[in-house]
Amino acid sequence: MAHLIKERKKNDLLCNVCGRALRMERGILLEDAFVVSKEWGFFSSRDLEVHRFTICENCYDQLIAHFKIPIEVTDKSEAL
């Protein structure tokens, strides 16, 4: 893991699961990722904290494979 940190560039986007830097060229992300930002609210032990993390597509696939209830997938007819 230390070698990943040493090679990291300032603006790298890293997968929080495997630590891999996502492919970027000239500041443009060349692969997609699952980015989560959660603002915790009342009735939580994390009240007023904001948690943010990024998961690469490979780690996302491995994560959802373990879900007891499968995720809902729908297709879009247009991309904006």
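Keep in mind that what you see is a predicted model, and the values were worked out from it rather than measured.

Structural notes on the overall build of the chain
Line of reasoning, step 1. Across its full length, the chain holds two helices and four strands.
Line of reasoning, step 2. Walking the chain from its N terminus toward its C terminus, one meets helices and strands in the order α-β-β-β-β-α.
Line of reasoning, step 3. Expressed as a percentage of contacts within the chain between residues at least 6 apart in sequence, the contacts between residues at least 24 apart total 26%.
Line of reasoning, step 4. Carbon and sulfur atoms make up 55% of the accessible area of the chain, which totals about 7500 Å².

Remarks on the nonpolar core
Across soluble globular proteins, you tend to see nonpolar side chains buried next to one another.
Line of reasoning, step 1. Core analysis: the largest hydrophobic core is formed by five residues, namely C15, L22, I55, C56 and C59.
Line of reasoning, step 2. Dropping the residues within four chain positions of it, I55 is found in contact with C15, V17, A33, F34, Y60 and L63.

Topic: the packing of aromatic side chains
Line of reasoning, step 1. Applying the stated rule across the entire model yields one aromatic pair.
Line of reasoning, step 2. Arranged with centres 5.1 Å apart and planes meeting at 40°, the rings of F34 and Y60 form a pair that is tilted. With F34 in strand β3 (residues 33-39) and Y60 in helix α2 (residues 57-64), the pair connects residues that are 26 residues apart, well separated along the chain.
Line of reasoning, step 3. Lying across the ring of W40, K38 places its NZ or CZ 5.2 Å from the centre.
Line of reasoning, step 4. When the ring centre of W40 is taken as origin, the NZ or CZ atom of R46, which lies over that ring, is 5.2 Å away.

Comments concerning unusual backbone geometry
Line of reasoning, step 1. Not every positive phi belongs to a glycine, and R26 is a case in point at roughly 55°.
Line of reasoning, step 2. Residue position: R26 is located in the loop between β1 (24-25) and β2 (28-29).
Line of reasoning, step 3. Its relative accessible area of 80% is what places R26 among the exposed residues.
Line of reasoning, step 4. In this model, L48 sits at a positive phi of 70°, which is unusual for a non-glycine residue.

Notes on the confidence of the model for the chain
Line of reasoning, step 1. On average, residues of the chain score 89 in pLDDT, and 88% of them are at 70 or above.
Line of reasoning, step 2. No element of the chain has a lower mean pLDDT than helix α1 (residues 2-7), at 46, and none a higher one than α2, at 98.
Line of reasoning, step 3. Predicted confidence is poor over residues 1-6, with pLDDT under 50, and the contacts of this stretch with residues over four places away or in other chains come to two contacts.

Reading the values: rules and limits
Residues numbered from 1 in each chain as written. Predicted model: local features only at pLDDT ≥ 70, side-chain atom pairs only at ≥ 80, totals over all residues. Heavy atoms only, no water. Helix = DSSP H or I, 4+ residues; strand = E, 2+ residues; numbered from the N terminus. Contact = heavy atoms within 4.5 Å. Areas by Shrake-Rupley, 256 points an atom, 1.4 Å probe, with all protein chains shown as cover. Core = buried A, V, L, I, M, F, W, Y, C linked by side-chain atoms within 4.5 Å. Buried < 20%, exposed > 50% of the residue type's maximum accessible area, 1.4 Å probe, protein only. Phe/Tyr/Trp six-rings, centres within 6.5 Å; stacked < 30°, edge-to-face > 60°. Lys NZ or Arg CZ within 6 Å of the ring centre and 35° of its normal. pLDDT = per-residue confidence, 0-100.

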